[in-house]
Amino acid sequence: MSADKVGRNDRCPCGSGRKYKQCCGAKGESRSQLGTYALIGVLIAIVGVIFYTFTATDSGCPPGTVLDHGHCHPL
């Protein structure tokens, strides 16, 4: 094992005198959670776009017509 590794209950190497888990160790954990939340948000947005793409009903055809095999036909 490396002598440079700091355990959670060791004194923080920044010199604050606090335990690593209550000082600089807590900063790393909050950044990790922020990244996780950002990833979840991006995934939810992607799922929303995919859902909207497959459920959109606006065909772009004028009223009284319907989209069929790529172009508008009268009803």
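On a predicted model such as this, the values are computed, not experimentally measured, just so you know.

S.K.: Residue-level account of the overall build of the protein chain, with values.
M.R.: Of regular secondary structure, the protein chain possesses 1 helix and 2 strands. What you see in the protein chain, going N to C, is helices and strands ordered as α-β-β. Residues counted as buried form 5% of the 75 residues belonging to the protein chain. Counted over contacts in the protein chain with a minimum sequence separation of 6, partners at least 24 positions apart contribute 0%.

S.K.: I'd love a proper account of the state of the cysteines, names of residues and values included.
M.R.: Cysteine pairs can be covalently joined through their sulfur atoms, and such a bond is termed a disulfide. On inspection of all chains with the given rule, the structure shows 1 disulfide. Disulfide pairing places Cys61 opposite Cys72 at an S-S distance of 2.0 Å. Its S-S torsion of approximately -90° makes the covalent link between Cys61 and Cys72 left-handed. Of this pair, Cys61 sits in the loop between α1 (24–55) and β1 (65–68) while Cys72 sits in strand β2 (residues 71–74); the two residues are 11 residues apart in sequence, bridging distant segments of the chain. Free of any disulfide, Cys23 has its nearest neighbouring cysteine sulfur in Cys14, separated by 3.6 Å. Look at Cys23 and you get buried, because its relative accessible area is 12%. Cys24 carries a free sulfur, and the closest cysteine sulfur to it, the one in Cys12, is 3.5 Å from it.

S.K.: Let's hear about a nonpolar patch on the surface: which residues, and what values?
M.R.: Where nonpolar side chains cluster on the molecular surface, the patch consists of Leu39, Val42, Leu43, Ile46, Ile50 and Phe54 and spans about 620 Å² of accessible area. With respect to the helices and strands, Ile50 occurs in helix α1.

S.K.: How would you summarise the pairing of β1 if you had to cite specific residues and measurements?
M.R.: The pairing of β1 with β2 spans 4 bridges and is antiparallel. In the sheet register, Leu67 faces β2, and the bridge partner there is Cys72.

S.K.: I'd like to hear about the confidence of the model for the protein chain, residue by residue, with values.
M.R.: When the pLDDT values of the protein chain are averaged, the result is 82; 83% of them are 70 or greater. Across the protein chain, the secondary-structure element scoring lowest on mean pLDDT is α1, at 83, and the one scoring highest is β2, at 88.

Parameters at a glance
Residues numbered from 1 in each chain as written. Predicted model: local features only at pLDDT ≥ 70, side-chain atom pairs only at ≥ 80, totals over all residues. Heavy atoms only, no water. Helix = DSSP H or I, 4+ residues; strand = E, 2+ residues; numbered from the N terminus. Buried < 20%, exposed > 50% of the residue type's maximum accessible area, 1.4 Å probe, protein only. Contact = heavy atoms within 4.5 Å. Disulfide = S-S within 2.5 Å. Patch = residues over 30% accessible without salt bridge, like charges linked within 9 Å, V, L, I, M, F, W, Y side chains within 5 Å. Areas by Shrake-Rupley, 256 points an atom, 1.4 Å probe, with all protein chains shown as cover. Salt bridge = Lys/Arg side-chain N within 4 Å of Asp/Glu carboxyl O. Pairing = 2+ DSSP bridges. pLDDT = per-residue confidence, 0-100.

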